[in-house]
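Architecture and fold: a report
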Amino acid sequence: MDNRYLITGSAGFIGSSLVRRLLSEDNSILGVDNINHYYSQDLKRDRLNDLNIYSKKLNLTSNHYQFKELDLKDQESLDKIIDEFKPTCICHFAAQPGVRFSIDNPKESVLDNILPTLNLLESARKFGIRDFIFSSSSSVYGKNTQVPFHEDSSINKQISVYASSKAACESLCHTYHSLSGIRIRILRFFTVYGPWGRPDMSYFLFTKSFFEGGVINIFNKGDMFRDFTYIEDIIDGFVSAIKEPLDFEVINLGCGNPVKLEDFIKTLEEIIGLEVKKNNLPMQPGDVYKTWADITKAKRLLNYEPKTSINEGLLNFVEWYKSYYNL
């Protein structure tokens, strides 16, 4: 197999989704993850178990897919598995997520986001890996008020440590491209949601409260806009980025259609068929009023075309949620 992918954060939401997609092709995949405690380790291990079941259904062997638990801050161990596996491409998802978490835990966010990225880039340089795909975030645009966000927009106004750490990683990517000639694609994701999602994300928390009869916190009275992007659309764009041998590009992956948070919640209420108590709160530190991806570049370079509506995407998520939690 000519295509050998090292996928970091492969027990995470987007990383595990990419592994699943690539398993359906003739690829060799090594997934790595440190399975930290930021959110449910059971959910992360269930994602891995689901990948193992899927792999067996396809009659794949360890030559096609294997997983190793690894802390990417350990350069020596990282170099060892890269030397053994010899990936042709690194797909880097592993990170310490969470805007609000990063404000309360700045050192942990910086250490867990920047050092692993540096170590991976250094390994790519040492072992001559030609392709590196980095998962960045729309949060790097910060307080930029020019919408939709374009890849050439300023990213000098971050308002969270998480966003700053992602911007720093982007800068490191550019440096290693310039010094070592590694082909790098930086993909800025916009509010990814869907089955197997992260339980710290708003849509997951809202759904949990709906079914448990709790109260949901709504910031800025729901007067906020997010460019919610369904997981399969994100994976479509990511796979295209893998297959396009672009030299160095920064590309937005969003839906390109911001949804007001108030309307998002109403849609979720209609799908579930329940109402929930709401606690209106002011805008939180680190939040921005609107995210909106200009996806012109993604369409041009990656033939990217998001297909999933909010109604369809949330319906898929709610069906998964009910099945996963036996509701």
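Everything below is about the structure printed above this text.
Let me begin by describing the structure that accompanies this report. Keep in mind the model is a prediction, meaning the values are calculated, not measured.

1. Comments concerning helix α9 (residues 261–272)
Along its 12 residues, α9 runs 17 Å from first to last C-alpha, staying within 8% of the 16 Å computed at 1.5 Å per residue. Those residues of α9 that sit buried are Leu261, Phe264, Ile265, Thr267, Leu268, Glu269 and Ile272. Where α9 is buried, its residues meet α7 (202–212), β8 (215–219), β12 (259–260), β13 (277–281) and α11 (310–324). Following α9 by one or two positions, Gly273 has its phi on the positive side, about 80°.

2. With respect to the nonpolar core
Counting residues in hydrophobic clusters, the biggest one holds 72 residues, and the most contacted among them are Ile7, Ile14, Leu18, Cys91, Phe189, Phe238 and Phe264. By residue number, the principal contributor to this core is helix α8 (residues 231–243), which donates 7 residues. Among residues more than four places away in sequence, those in contact with Ile14 are Phe93, Phe189, Val192, Ile231, Ile234 and Ile235. One finds Val32, Ile90, Ala94 and Val250 within the second-largest nonpolar core, a separate group that totals 25 residues.

3. Thoughts on the layout of surface pockets
Here the second largest pocket is characterised by a volume of approximately 290 Å³. As for the second largest pocket, its lining consists of Ser16, Ser17, Arg20, Arg21, Arg47, Asp50, Leu51, Pro195, Trp196, Tyr230, Ile231 and Glu232. Listed by contribution, the elements that provide at least two residues to the lining of the second largest pocket are α1 (13–23), α2 (41–57) and α8. In terms of residue count, the dominant contributor to the lining of the second largest pocket is α1 (4 residues). Tallied by class, the residues present in the lining of the second largest pocket amount to 5 nonpolar, 2 polar and 5 charged.

4. What to know about the packing of aromatic side chains
Overall, the coordinates contain 28 aromatic pairs when judged by the stated rule. Ring centres of Phe317 and Tyr321 lie 6.0 Å apart, and the angle between their planes is 55°; this geometry places the pair in the tilted category. Taken together, the positions of Phe317 and Tyr321, both in helix α11 and 4 residues apart, correspond to about one turn of that helix. Looking at Tyr321, the relative accessible area reads 3%, which means it is buried. Sitting over the ring of Tyr54, Arg20 keeps its end group 4.0 Å from the ring centre. It is Lys44 that lies over the ring of Tyr39; its NZ or CZ is 4.5 Å from the centre.

5. A few points about the packing of α7 against α11
Axis separation between α7 and α11 bottoms out at 11 Å; the angle between their running directions is 55°. Comparing their axes, α11 and α7 come out oblique. Classified by chirality, the crossing of α11 by α7 is right-handed. Of α11, the residues touching α7 (which contributes Tyr203, Phe204, Thr207, Lys208 and Phe211) are Phe317, Val318, Trp320, Tyr321 and Lys322.

6. Quick notes on the environment of Glu76
Assignment of secondary structure puts Glu76 in helix α3 (residues 75–85). With 43 residues separating them in the primary sequence, Glu76 and Asn119 have C-alpha atoms 9.4 Å apart.

What counts as what
Residues numbered from 1 in each chain as written. Predicted model: local features only at pLDDT ≥ 70, side-chain atom pairs only at ≥ 80, totals over all residues. Heavy atoms only, no water. Helix = DSSP H or I, 4+ residues; strand = E, 2+ residues; numbered from the N terminus. Expected span 1.5 Å × (residues − 1). Buried < 20%, exposed > 50% of the residue type's maximum accessible area, 1.4 Å probe, protein only. Contact = heavy atoms within 4.5 Å. Core = buried A, V, L, I, M, F, W, Y, C linked by side-chain atoms within 4.5 Å. 1 Å grid on protein atoms, 1.4 Å probe; cavity = no way out; pocket = protein on both sides within 12 Å on 5 of 7 lines; lining within 4 Å. Points joined across faces, edges and corners; volume = space filled by probe spheres on them. Nonpolar A, V, L, I, M, F, W, Y, C, P; charged D, E, K, R; others polar. Phe/Tyr/Trp six-rings, centres within 6.5 Å; stacked < 30°, edge-to-face > 60°. Lys NZ or Arg CZ within 6 Å of the ring centre and 35° of its normal. Axes fitted to C-alpha atoms, helices over the stretch in contact; angles between N-to-C directions. Parallel < 35°, antiparallel > 145°, perpendicular 65-115°, else oblique. Left-handed = near helix turned anticlockwise from the far one by under 90°.

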